[in-house]
Amino acid sequence: TDTAKRVWELLLPFAGYADVPWLVNGRAISHVPSVAAFAALRRLPAAGAGRTPFVGFGDPDFGVAPAPPGRLRSMPRRAAPNEAGSGSSMRTAYLALPPLPDTREEVLAVARALKARPEDAVLGKAALRDSVLQRDLSRTAVLAFATHGLQPGELPGLDEPALAMTLPPGDTQSPLLTLSDVLGLRLDADWVLLSACNTAGADGEAAEALSGLGRGFFFAGARALLVTHWPVESSSARQLVSALFAQSDPSTIRAEAL
């Protein structure tokens, strides 16, 4: 469009993107799913005392044989079926998810920075959906998920956004932490990190950003989220999140640190 061409012409004189006077460099920007959510966040009570500093889930075991690690934290496009199917066909499609060793390093880096207990970094085969649902997360200050993010339609029968967790044995349990699961959590978290692809995406029905997993975690009791509007490259995601928490000044607000 003419407007887009004009914007591009205005940006051309700059030597590089780092020199562009981006709005975010001078203003902290808050994004919430709705005006009602903004008001609800302002009414949240103060955080409880004695909370666990950190719980993180990462490097799930997707049940695949040794394979090259994934570059993106999402379902590979070539293997993304859109048709509905049985639970067994979903499990078959799940095997197309490449492993994400970067996510293990990411969760451990945040755990070290926040001086978390070793058992609060839930990794590999232990990073099951049930590990999330059966754990008391209501006294956790920072909650993190580092894995593949899935959108509705990316697996057979998947009609809501989800996070890919470890593939359990047998066909009776789901490997997916879905929006419905998230809505049932009880949190008292200052920050929830959803370090996966498209975690700020829609719920499959509405087109609004943060109407999916983001809305679910706000509803569950998160005060702030770190989410993505795009496919995430795994190595750079690890570097960004690790460096974010390596900063030692506790007075720095989240937007400034990021």
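Please refer to the structure placed before this passage.
I will try to describe carefully the structure that is included in this document. (Residues numbered from 1 in each chain as written. Predicted model: local features only at pLDDT ≥ 70, side-chain atom pairs only at ≥ 80, totals over all residues. Heavy atoms only, no water.)

Let's shift gears to the overall build of the chain. Secondary structure assignment for the chain yields nine helices and eight strands. Relative to a compact globule of 258 residues, whose C-alpha radius of gyration would be 18 Å, the chain shows 19 Å and is just as compact. In terms of overall dimensions, the chain has a C-alpha envelope of 55 × 50 × 35 Å along the principal axes. Across the 258 residues in the chain, those meeting the buried criterion constitute 45%. When contacts within the chain are restricted to residue pairs at least 6 apart in sequence, long-range pairs at least 24 apart make up 78% of them. As presented, the chain carries roughly 13,800 Å² of accessible surface, and 57% of it is formed by carbon and sulfur atoms. Averaged over its 24 positive side-chain charges, the chain has a centre that lies 5 Å from the centre of its 26 negative ones. (Helix = DSSP H or I, 4+ residues; strand = E, 2+ residues; numbered from the N terminus. Rg over C-alpha atoms; globule rule 2.2 N^0.38 Å. Buried < 20%, exposed > 50% of the residue type's maximum accessible area, 1.4 Å probe, protein only. Contact = heavy atoms within 4.5 Å. Areas by Shrake-Rupley, 256 points an atom, 1.4 Å probe, with all protein chains shown as cover. Lys, Arg positive; Asp, Glu negative; His and termini not counted. Charge placed at Lys NZ, Arg CZ, Asp CG, Glu CD.)

Further remarks concern the pairing of strand β1 (residues 52-60). Look at any regular strand and the pattern is simple: side chains alternate between the two faces of the sheet. Most of β1 is tucked away, with seven of its nine residues classed as buried. Across six bridges, the pairing between β1 and strand β3 (residues 140-146) is parallel. Bridge pairing links V55 to L143 in β3. Alignment of β1 against strand β2 (residues 121-124), held across four bridges, turns out to be parallel. Within β2, the position partnered with G58 by the bridge is L123. (Pairing = 2+ DSSP bridges.)

Turning our attention to the nonpolar core. Membership of the largest hydrophobic core comes to 27 residues, with the highest contact counts inside it found for F57, V132, L143, F145, L187, V192 and F217. Residue assignment for this core shows that the elements contributing at least two residues are β1, β3, β7 (191-195) and α7 (213-220). No other element matches α7, which puts four residues into this core. Listed in part, the 18 residues of the second largest apolar core include L123, V142, A224 and L244. (Core = buried A, V, L, I, M, F, W, Y, C linked by side-chain atoms within 4.5 Å.)

On to the side chain of D120. Residue position: D120 is located in the loop between α4 (101-113) and β2. Within polar-contact distance, the side chain of D120 engages the side chain of R117 at 2.8 Å. For D120, the contacting residues outside a window of four places in its chain are T52, F54, V55, G56 and R135. (Polar contact = N/O pair within 3.5 Å; in protein donor to acceptor, adjacent residues only side chain to side chain.)

Not every positive phi belongs to a glycine, and D59 is a case in point at roughly 50 degrees. Along the chain, the position of D59 falls in strand β1. At N198, a residue that is not glycine, the phi angle is positive and equals roughly 55 degrees. One can find N198 in the loop between β7 and α7.

The next thing to look at is the sheet that holds strand β8 (residues 225-226). Spatially, β2-β1-β3-β7-β8 is the arrangement adopted by the five strands of the open sheet, whose pairing is parallel. The outermost strands of the open sheet, each flanked by one partner alone, are β2 and β8. Packed onto the sheet, helix α8 (residues 234-246) meets β3, β7 and β8 and runs at close to 160 degrees relative to β7. (Axes fitted to C-alpha atoms, helices over the stretch in contact; angles between N-to-C directions.)

For the rest of this paragraph, the subject is the pattern of salt bridges. Enumeration over the complete set of coordinates arrives at 14 salt bridges. In this structure, D171 engages R91 in a salt bridge whose closest nitrogen and oxygen atoms are separated by 3.0 Å. In this pair, D171 sits in the loop between β5 (162-164) and β6 (176-178) while R91 sits in helix α3 (residues 87-94), placing the two residues 80 residues apart along the sequence. Assessed through its relative accessible area of 60%, D171 is described here as exposed. (Salt bridge = Lys/Arg side-chain N within 4 Å of Asp/Glu carboxyl O.)

On to the packing of aromatic side chains, then. Inspection of the entire model under this criterion finds four aromatic pairs. Where F145 meets F217, the ring centres are 5.8 Å apart and the plane angle is 50 degrees; that geometry is what we call tilted. Taken together, the positions of F145 in strand β3 and F217 in helix α7 put the pair 72 residues apart, joining distant regions of the chain. Residue classification places F145 among the buried positions, given a relative accessible area of 2%. Classification of F217 by relative accessible area gives buried; the value is 0%. Centre to centre, the rings of W191 and F245 are 5.5 Å apart; their planes meet at 40 degrees, and the pair counts as tilted. Residue W191 is located in strand β7, and its partner F245 is located in helix α8; the two are separated by 54 residues in the primary sequence. Pairwise contacts between aromatic rings join F57, F145 and F217 into one cluster. Just above the ring of W191 sits the side chain of R254; from NZ or CZ to the centre is 5.6 Å. (Phe/Tyr/Trp six-rings, centres within 6.5 Å; stacked < 30°, edge-to-face > 60°. Lys NZ or Arg CZ within 6 Å of the ring centre and 35° of its normal.)

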